[in-house]
Amino acid sequence: MALVSVRDYEQRAHEIIPRNALDYYRSGAGDELSLQLNRTGFDRLRIRPRMLQGGSVRDLSCTVFGERFSMPIGISPTAMQRMAHPEGEVANARAAASRKVAFTLSTISTSSIEEVANATPDAPKWFQLYIYRDRQLTEGLVRRAEMAGYRAIVLTVDAPLFGLRRADMRNKFSLPPHLTMANFVGKASSIRSQGGSGINEYIAEQLDPTLSWEDVKWLIGFTKLPVIVKGILTREDAIIAANLGVQGIFVSNHGARQLDSVPASIEALPEIVEAVGARVEIFLDGGITQGTDVFKALALGARMVFFGRPALWGLAVNGQAGVEHVLDVLRNELDLTMALAGCKTIADITKEYVVHESYYAKL
């Protein structure tokens, strides 16, 4: 069967990835209500297309932090990608580079900061940061990212602890023994179950559960790179972050893997755009599976939209080429959506193009 959608890649990947890794990648927190909301939140939005707008070619390019990207779609940080494919993060980053889109490397990657940088020397890359109990180690990660040419630091703020991930508990998740957390040596490089979920045990031991806004100030104070905070879901936190001087906000519920019953990212987006959209760049991830999803997020105020799982599905199915095709599928779907909705450029996609389904119930 030809693979023509993200859903096709997801189904094929589920047949390929070993159960321990697959459940880690695909599961959400608790009863997975928020995981479902990440999908249904998009389904409840309607596109209001405009006709006879003219133009046979669309311009999908966008500029963020002074850098030009081929389209407003990027790859979110996801951990331990060599569980999906032997080349892991390197193949994923190369795919992003080939399509001139942003790639974000996870702190807990199975390819190192330097390895990914050497594989994609001129490509725009961001580094996702967890703050460890050892602040010297944490600062060292940022310095390595700076030295290696990464263009921004994406600080995850919604994970002082990892959420209730029952699939990992049942599987007693461990990182396969031939893999390591490539950015670390010693104890911080290994994830082995001590009786429960190995990843939750690792996070509880290594990360700082007392994470606060003071840590955001600390990071902004010493890095020369733009700081983006990832995991914001309320206007209150968005305002605090903007007041501290962050340059970007990632509206994200961590793939619905942290606290269940939080809103879908797309549901939280409008209030954050309204609160600080004129002051900082707004990004979104969570639930993106097709070009219409990207269009809806852009219409509601996101500057760029990111996805994590679809890249893993492409990676598992066909390595770098699989991720490239997933990006091509989403680009083509977004281009077609723009053409049929009457938008020639990304800037044309405004809030008038999307309404909640309840809009039509009132008519």
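Residues numbered from 1 in each chain as written. Predicted model: local features only at pLDDT ≥ 70, side-chain atom pairs only at ≥ 80, totals over all residues. Heavy atoms only, no water.

Labelled according to an unreviewed UniProt entry, the chain appears under the name (S)-2-hydroxy-acid oxidase, originating from Anopheles farauti. The Cofactor (unreviewed entry) comment attached to the chain in UniProt states, word for word, "FMN". (UniProt positions renumbered as here; feature names shortened; annotations may be inferred.)

Peer 1: Before we go on, may I ask you to explain the overall build of the chain in this structure?
Peer 2: Within the chain, the regular secondary structure consists of 14 helices and twelve strands. Residues classed as buried in the chain amount to 57% of the 363 residues present. A fraction of 73% describes how many contacts in the chain between residues 6 or more apart in sequence connect residues 24 or more apart. Each charge class in the chain was averaged separately, 40 positive and 40 negative side chains, and the resulting centres sit 2 Å apart. (Helix = DSSP H or I, 4+ residues; strand = E, 2+ residues; numbered from the N terminus. Buried < 20%, exposed > 50% of the residue type's maximum accessible area, 1.4 Å probe, protein only. Contact = heavy atoms within 4.5 Å. Lys, Arg positive; Asp, Glu negative; His and termini not counted. Charge placed at Lys NZ, Arg CZ, Asp CG, Glu CD.)

Peer 1: I tried to follow the pattern of salt bridges on my own but got confused; where do I start?
Peer 2: Once the charged atoms of two side chains with opposite charge are near each other, the side chains can pair. Taken as a whole and judged by the stated rule, the model has 21 salt bridges. With a shortest N-O distance of 3.1 Å, arginine 58 and aspartate 335 are connected by a salt bridge. On the criterion of sequence distance, the pair formed by arginine 58 in the loop between β1 (45-47) and β2 (62-64) and aspartate 335 in helix α13 (residues 309-341) is long-range, its members being 277 residues apart. Across the salt bridge formed by lysine 217 and glutamate 214, the nearest N and O atoms sit 3.6 Å from each other. With lysine 217 and glutamate 214 both in helix α9 (residues 213-222) and three residues apart, this pair spans about one turn of that helix. Bridged by salt links that share partners, the residues Arg19, Asp23 and Arg26 form one connected network. (Salt bridge = Lys/Arg side-chain N within 4 Å of Asp/Glu carboxyl O.)

Peer 1: Before we go on, may I ask you to explain the packing of aromatic side chains in this structure?
Peer 2: Remark: the centre distance and the inter-plane angle together describe each pair of aromatic rings, the angle taken between the planes. Inspection of the entire model under this criterion finds 15 aromatic pairs. Taking 6.2 Å as the distance between ring centres and 75° as the angle between the ring planes, the aromatic pair formed by phenylalanine 127 and tyrosine 150 counts as edge-to-face. Here tyrosine 150 lies in the loop between α6 (135-147) and β7 (152-156) and phenylalanine 127 lies in strand β6 (residues 125-129), a separation of 23 residues in the sequence. Like tyrosine 150, phenylalanine 127 is buried. Through a chain of ring-to-ring contacts, the aromatic side chains of Phe65, Trp126, Phe250, Phe283 and Phe306 assemble into a single cluster. In this arrangement the basic side chain of arginine 257 is found over the ring face of tyrosine 24, its NZ or CZ atom lying 4.6 Å from the centre. (Phe/Tyr/Trp six-rings, centres within 6.5 Å; stacked < 30°, edge-to-face > 60°. Lys NZ or Arg CZ within 6 Å of the ring centre and 35° of its normal.)

Peer 1: Help me understand the UniProt feature "binding site: glyoxylate" (unreviewed entry) in the chain in this model?
Peer 2: Within the UniProt annotation, "binding site: glyoxylate" (unreviewed entry) is assigned to Tyr24, Arg165, His254 and Arg257. These annotated residues cover 234 residues of sequence, and their C-alpha atoms all fall within 13.1 Å of one another, placing them together at a single site. With respect to the helices and strands, the residue tyrosine 24 is situated in helix α2 (residues 19-26). Judged by its relative accessible area of 5%, tyrosine 24 is buried. Among all residues touching tyrosine 24, those that are not within four sequence positions of it are Ala79, Met80, Met83, Arg165, Asp168, Phe173, Ile199 and Arg257. Looking at the element boundaries, histidine 254 is found in the loop between β9 (248-251) and α11 (265-276).

Peer 1: Would you mind going over unusual backbone geometry with me for this structure?
Peer 2: Across the chain, the bulk of peptide bonds are trans and the bulk of non-glycine residues have phi less than zero. With a phi angle near 65°, glutamate 32 is a residue other than glycine that sits in the positive phi range. Summarising the element assignment, glutamate 32 is placed in the loop between α2 and α3 (33-43). Here the phi dihedral of histidine 254 falls at roughly 65°; this positive angle occurs in a residue that is not glycine. Classification of histidine 254 by relative accessible area gives buried; the value is 12%.

Peer 1: Sorry, what's going on with the side chain of serine 34 here?
Peer 2: Structurally, the position occupied by serine 34 is in helix α3. For serine 34, a relative accessible area of 0% translates into the label buried. Engagement of the side chain of serine 34 in a polar contact is seen with the backbone nitrogen of serine 261, the distance being 2.9 Å. With near-sequence residues (within four places) excluded, serine 34 lies in contact with Asn253, Ala256, Leu259, Asp260, Ser261 and Val262. (Polar contact = N/O pair within 3.5 Å; in protein donor to acceptor, adjacent residues only side chain to side chain.)

Peer 1: What is the right way to read a nonpolar patch on the surface from this model?
Peer 2: Together, Tyr359, Tyr360 and Leu363 give the surface a local cluster of nonpolar side chains, amounting to about 340 Å² of exposed area. Checked against the element boundaries, tyrosine 360 lands in helix α14 (residues 358-361). In this structure tyrosine 360 comes out as partly exposed when scored by relative accessible area, which is 39%. (Patch = residues over 30% accessible without salt bridge, like charges linked within 9 Å, V, L, I, M, F, W, Y side chains within 5 Å. Areas by Shrake-Rupley, 256 points an atom, 1.4 Å probe, with all protein chains shown as cover.)

Peer 1: Would you mind showing me how to read α6 here?
Peer 2: Each full turn of the α-helix corresponds to 3.6 residues, which orients residues three or four apart in the same direction. End to end, α6 covers 18 Å across 13 residues, agreeing with the expected 18 Å (1.5 Å per residue, within 8%). If you check which residues of α6 are buried, you get Thr138, Leu141, Val142, Ala145 and Glu146. What you see down the axis of α6 is that its buried residues fit within an arc of 140°, all on one side. What points out from α6, more than 90 degrees from its buried face, is the exposed set Gln136 and Met147. Looking at the packing, one finds that the buried side of α6 touches α5 (113-119), β6, β7 and α9. The opening residue of α6 is aspartate 134, an N-cap whose side-chain oxygen sits 3.0 Å from the backbone nitrogen of glutamine 136. Glycine 149 sits one or two residues past α6 and shows a positive phi near 95°. (Expected span 1.5 Å × (residues − 1). Arc of directions from axis to C-beta.)

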